[in-house]
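Understanding the architecture of this molecule
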Amino acid sequence: AGFIKSPLSQKRLTQDSVELYCEAIGNPIPEIQWWFEGNEPNETYAQLWDGARQDRVKINATYNLHSTSTIYIANLTNDDSGMYECRASNDPDRNHLSKSPKVKWIRSQANVFVIERPDITTRVISEAGKLILSCNMTAPYPAISGHEWMHGDKILHTDTDISSLTSFIIEGKKEEHSGVYECVYKTSPVIKGQVNISVAPQVLAYKKSEHGNEGDTGVLICKSPSFPAVDSWAWYKNGQEVSARIINGSGRYIIKSSGNKTELRVLKLSIEEDTGDYHCNATNSYGSGSALVNLRVRSRLAALWPFLGIVAEVLVLVTIIFIYEKRRKPDEVLDGKGRLEKSNATNHKDKNVRQRNAN
């Protein structure tokens, strides 16, 4: 048995791609082939091979317990419209040129319609602190049942308007909302337009002030979340001219930049040489931008100062208590003992007198 697991009828736009999946079960494991019949009146089925149609056709097949095969066609044209057929057979004579196979080929079909992609005109207008994004689709185009505006995976707006013109308003400046936006027409198939808000790099320091201990490695990071991406990054020391540009790999500096992020590492930090301001500069096709990072290098003993301060305070307090105890006069204690002994002596004397008188 053989069957196509993809939808049996698919609509695609020119320049899009399509993928069909076929699966066959049998013993022994059957072979799968792909065939195509165009929409022209006199056109007949022709077998498709991997790399056909100027390498736009890719066929992948696996034969493990059962057969699976996928055909992928990129950059579709109107000539790709037609009937695609998956054929499966496990007869030993299935590919013989003169013998007829005893077991016929099992076939499953899917129809692909390729529709001419309409043109979409896009605009970005900035006025009175607002950005107006618009898309206008030119005829001919399929029936429209609504629109969506998207930024990445986030849906910003949706409606049920059937017009070919759609717009979306963003409150704020271009620098705050740069990126790629999509206007999506709810048609069959879905048609999308791309609106770009492009600005010079808006550079941000990961931390405006970085601290490091002497002898350690200092790490300074800058980012640019704006669109388009940064073409080149550069680091400067103390805001000086181009002659002060930091070269990657020179001295104790290592620079690692990728897309919208750059990182400067300063090895074996020195208080005298490395303390100061560093500038990260980004450039793209719309201009350049920069940010400042202040690097402070501390002595390795800096972490001990709070502890030493606490120890000093304890020593001073203990010394004060010790001196106070030494200088304190024991008058009250001694006077009490003296009075007690004198009183006892008087009592004994009176007792002796009374005893003699009694005798």
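Everything below is about the structure printed above this text.
Residues numbered from 1 in each chain as written. Predicted model: local features only at pLDDT ≥ 70, side-chain atom pairs only at ≥ 80, totals over all residues. Heavy atoms only, no water.

1. A look at the sheet that holds strand β25 (residues 287-298)
Across the sheet, which stays open at both edges, the five strands sit in the order β18-β25-β24-β20-β21 with mixed pairing between neighbours. Strands at the two margins of the open sheet, each flanked by one partner only, are β18 (209-213) and β21 (245-246). Relative to β21, strand β20 (residues 232-237) runs antiparallel, the two sharing two bridges. Residue pairing in the sheet places tyrosine 236 in a bridge with arginine 245 of β21. (Pairing = 2+ DSSP bridges. Helix = DSSP H or I, 4+ residues; strand = E, 2+ residues; numbered from the N terminus.)

2. Topic: the side chain of serine 164
On the secondary structure map, serine 164 appears in the loop between β13 (154-159) and β14 (165-171). The exposure class assigned to serine 164 is buried, which follows from its relative accessible area of 16%. Apart from residues lying up to four places away in sequence, serine 164 is in contact with Cys135, Asn136, Met137, Tyr141, Ile144 and Tyr185. (Buried < 20%, exposed > 50% of the residue type's maximum accessible area, 1.4 Å probe, protein only. Contact = heavy atoms within 4.5 Å.)

3. Some words on unusual backbone geometry
Here the amide bond leading from asparagine 27 into proline 28 is cis, since omega sits at 0 degrees, within 30 degrees of zero. Structurally, proline 28 is set in the loop between β3 (18-24) and β4 (31-38). Backbone torsion omega between alanine 139 and proline 140 reads 0 degrees, so that peptide bond is classified as cis. Here the phi dihedral of aspartate 55 falls at roughly 65 degrees; this positive angle occurs in a residue that is not glycine. Positionally, aspartate 55 belongs in helix α1 (residues 52-55). Note on aspartate 55: relative accessible area 46%, which makes it partly exposed.

4. Focus: the sheet that holds strand β10 (residues 120-127)
Spatially, the three strands line up as an open sheet ordered β10-β11-β14, and their pairing is antiparallel. Both outer strands of the open sheet, β10 and β14, are each paired with one neighbouring strand and no more. Across the sheet, the mean angle separating the axes of adjacent strands is 15 degrees when strand polarity is ignored. Strand direction decides the pairing type here: β10 and strand β11 (residues 130-137), joined by eight bridges, are antiparallel. Considered in β11, the bridge of threonine 121 is made with asparagine 136. (Axes fitted to C-alpha atoms, helices over the stretch in contact; angles between N-to-C directions.)

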